[in-house]
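The chain contents come next:
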Amino acid sequence: MFATHVNRISYKKFNLDMLRTSLDVQTIRKDFPILDRKVNGRPLVYLDNAATSQTPQQVIDVIVDYYSNYNANIHRGVHALSQEATDKYEEARKKIQEHFNIAKSHEIIFTSGTTHAINLVANGFSSFLKQGDEILVSAMEHHSNIVPWQMLAERTGAILKVIPMSLDGELEMDAYEELLSDKTKLVFCNHVSNALGTINPIQEIIDKAHEIGAAVLIDGAQAAPHIKADLKALNVDFYTVSAHKMCGPTGVGMLYGKEEWLNTLPPYQGGGEMIAEVTFEKTTYADLPHKFEAGTPNICGGIAFGAALDYMNAIGFESMAKYEKELLDYATKRLSEIDGLKIYGTAKNKTSVISFNIEGIHPYDIGTILDKLGIAVRTGHHCAQPIMDFYKIPGTVRASFSFYNTKEEVDILVEGVQRAKSMLL
Amino acid sequence: MTIEEIQEEIVDEFSMFDDWMQRYEYMIELGKSLPLINEKYKTEDNIIKGCQSKVWVHAELEDDKLVFTADSDAIITKGIIAILIRSFSNQRPQDIINADTDFIDEIGLKEHLSPTRANGLVSMIKQLKLYAVAYQTQLN
Ligand SMILES: Cc1ncc(COP(=O)(O)O)c(C=O)c1O
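Computed from a prediction, not measured in an experiment: that's the story for all the values here. (Residues numbered from 1 in each chain as written. Chains lettered and ligands numbered in written order. Predicted model: local features only at pLDDT ≥ 70, side-chain atom pairs only at ≥ 80, totals over all residues.)

(A) Expanded view of the overall build of chain A. The number of helices and strands found in chain A is 15 helices and 17 strands. Computed over its C-alpha atoms, the radius of gyration of chain A comes to 23 Å, within 12% of the 22 Å expected for a compact globule of 425 residues. Each principal axis of the C-alpha distribution contributes one length, and for chain A these read about 70 × 60 × 55 Å. Going through the 425 residues of chain A one by one, you find that 47% of them count as buried. A sequence separation of at least 24 residues applies to 70% of the contacts in chain A between residues at least 6 apart. (Helix = DSSP H or I, 4+ residues; strand = E, 2+ residues; numbered from the N terminus. Rg over C-alpha atoms; globule rule 2.2 N^0.38 Å. Buried ≥ 20, exposed ≤ 12 C-beta atoms within 10 Å, placed from the backbone. Contact = placed C-beta atoms within 7 Å.)

What follows is the structure in structure tokens.
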């Protein structure tokens, strides 16, 4: 008895130690077939992970398996394939539930991604808002998080107000508190900024909004690949995720909504799957989550989303975060050594994203040269024009790192930037 | 020189280079020689849409020929527009309308010809031709 007990303890300890050591990135890279390809005759260095992450073989296999073995429409068939597909799809919902620690699985709505999820909520709020109500949006939002609220404000006469940010790219929390009032009905903020990588203090944002009775939607698109959010603990009203940024396929994501909210929000789209009974006089809506899942969903995508979560959890979010932090620190240090290079977004708390410019050079020029060198980065305003306006720049070069990137790739990036600089200046 | 002759000349110049770096370096050099647009024409109206960088183009008729000036805030884009303008400027509008731009492919800048590429080369060509069409109508 005693011996087993000791064994168990040491086994646990062993596991913890494993966590503390860095990832075996070379083994992980073998999971991603795309990382072997060449671009412009050079090995691909993929540093545009914040736009879309790459897909591991384990997830690709699930997609192939779906179309090879059990492709069928779900929730309506009596036959075996339909049942299998339905089971797998609902299993994926359970995986999402477990991953994000969500109280009830029907609080998860499968969407085509974050943009769809946000529009669903914005549309629903049309019926709750009136003239003079206020919606607060952070200054570092993605366009998909601004436009739906502008449209909502136009429809309802509500007013959109902006939570300002500092030059470091951190939200001004004092200003936020001042903006909150009994007129505030909704607060929208991303968990992590796509352009700057800032991790926002969302717990504080949520708690403060709740004190005055406002609802909060957190856009988790950029956070989900790096941070395992505990939605129960956060007590957030809505949270959105896109699978394609976390090793899953494009065209699928989730909206989490508290049951009370999802019950009160009107449906977004009409169609099959979302109804209970239809006559020409009246339709009664199906229960959650189906009320918001009109039409045939991205079945394969949903299942693959679940597989992507399995994949990432097997590696472990803690070890990924630790490794990505090492990459971020290393890249920040190396890039900062380049004369004239300025990094935008220097928040204390940030994910592995570096937005930068070199004095006197347009980001587009740097991106073009890097592309010739096989290095994929993003250039431009990153769908966050207000941030660029804030810094008075046309855009930035953004390198975003994932757990499958390496220090050698950071070195290649740094060399590439230096080469671009000498060509362009 | 006709547009075709100029384009051949450009192709010749680029054929001296055997790697992309030299081609880009040369294009950047050409960008520096771009006949610059008068600041007063750098208006929102003269910005070519569809480019990630800003590109302004202005056209003026001198006798029966069209003269282009331009600028961009990105140097590679400036190089591309310089190459285009060199082949189109000081030409009759009708010749510009009829000209093709396959030489871009021949000088190894094919990747910039994709309509989905954010540099908007395709939009630039369209805009230069639009100017030609507008002035051609004026001449008729
Ligand atoms: C912060 C943030 N919100 C929303 C989106 C939009 O996500 P999707 O295009 O998957 O709907 C993105 C993606 O670029 C993002 O980075």
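Picking up where we left off.
(B) Here's a closer look at the nonpolar core. Formed by 152 residues in total, the largest nonpolar core has its most connected members in Val-216 and Ala-308 of chain A together with Leu-128 of chain B. A total of 10 residues in this core trace back to one element, the largest contributor, which is helix α11 (residues 299-315) of chain A. Counting residues domain by domain, this core receives three or more from each of domain 1 (23-52 + 317-424) and domain 2 (60-313) of chain A. Look past the residues within four positions of Val-216 of chain A in its chain and what remains in contact with it is Val-187, Ile-205, Ile-206, Ala-209, Val-236 and Asp-237 of chain A. (Core = buried A, V, L, I, M, F, W, Y, C linked by C-beta atoms within 7 Å. Domains from an automatic or database assignment.)

(C) Expanded view of the packing of helix α12 (residues 317-336) of chain A against helix α15 (residues 407-424) of chain A. All names here are of chain A. Between α12 and α15, the least distance of the axes is 10 Å, while the angle of their chain directions is 25 degrees. Considered as vectors, α12 and α15 are oriented roughly parallel to each other. When you trace α12 past α15, the crossing you get is right-handed. From α12, Leu-327, Tyr-330, Ala-331, Arg-334 and Leu-335 reach across to α15, where they touch Lys-407, Val-410, Val-414 and Val-417. In the contact of α12 with α15, the residues fall into seven nonpolar, no polar and two charged. (Axes fitted to C-alpha atoms, helices over the stretch in contact; angles between N-to-C directions. Parallel < 35°, antiparallel > 145°, perpendicular 65-115°, else oblique. Left-handed = near helix turned anticlockwise from the far one by under 90°. Nonpolar A, V, L, I, M, F, W, Y, C, P; charged D, E, K, R; others polar.)

(D) Looking closely at the interface of chain B and chain A. Counting residues at the interface gives 12 residues for chain B and 10 residues for chain A. Elements supplying a minimum of two residues to the side of chain B that touches chain A: α2 (20-32) and α3 (75-88) of chain B. It is α2 of chain B that provides the largest number of residues to the side of chain B that touches chain A, a total of four residues.

(E) Structural context of the environment of Arg-23 of chain B. All names here are of chain B. Checked against the element boundaries, Arg-23 lands in helix α2. Since 20 C-beta atoms lie within 10 Å of it, Arg-23 is described here as buried. Along the sequence, Arg-23 and Ile-107 sit 84 residues apart, while their C-alpha atoms lie 8.2 Å from each other. Apart from residues no more than four positions distant in its own chain, Arg-23 is found in contact with Phe-14, Phe-17 and Gly-108.

(F) Just the site of the ligand, in detail. Near the ligand, the surroundings consist of 13 residues, among which Gly-113, Thr-115, His-142, Asn-194 and Ser-242 of chain A are the closest. Only α5 (114-125) and α6 (143-156) of chain A provide two or more residues apiece to the shell around the ligand. (Near = placed C-beta within 6 Å.)

(G) Structural view of the domain arrangement of chain A. Residue and element names in this part refer to chain A. Here chain A is partitioned into domain 1 (23-52 + 317-424) and domain 2 (60-313). A C-alpha centroid distance of 28 Å is found between domain 1 and domain 2. Counting residues at the interface gives 21 residues for domain 1, matched by 23 residues for domain 2. Counting residues per element, the ones that place at least two in the side of domain 1 that touches domain 2 are α12, β14 (353-358) and α14 (385-391). Of the residues contributing to the side of domain 1 that touches domain 2, the split by class is 11 nonpolar, seven polar and three charged.

(H) Examining the sheet that holds strand β8 (residues 215-219) of chain A more closely. Residue and element names in this part refer to chain A. Reading across from one edge, β4-β10-β9-β8-β7-β5-β6 is the order of the seven strands in this open sheet, with mixed pairing throughout. Unpaired on one side and paired on the other, β4 (108-111) and β6 (159-163) mark the two borders of the sheet. Put simply, the sheet's adjacent strands are angled 20 degrees from each other on average, direction ignored. For strand β5 (residues 134-138) and β6, the ladder comprises five bridges, and the chain directions are parallel. Each residue of the ladder has a partner; that of Glu-134, found in β6, is Ile-159. (Pairing = 2+ DSSP bridges.)

(I) Examining unusual backbone geometry more closely. Residue and element names in this part refer to chain A. Pro-289 follows Leu-288 through a cis peptide bond whose omega is 0 degrees. Relative to the elements of secondary structure, Pro-289 occurs in the loop between β12 (283-285) and α11. The phi torsion at Asn-40 lies on the positive side, around 50 degrees, for a residue other than glycine. Tracing the sequence through the fold places Asn-40 in the loop between β1 (38-39) and β2 (42-43). You will see that Lys-392, though not glycine, has its phi angle at about 55 degrees, which is positive. Position of Lys-392 relative to the elements: it lies in the loop between α14 and β17 (396-400). Among the residues examined, Lys-392 registers 6 C-beta atoms within 10 Å and is labelled exposed.

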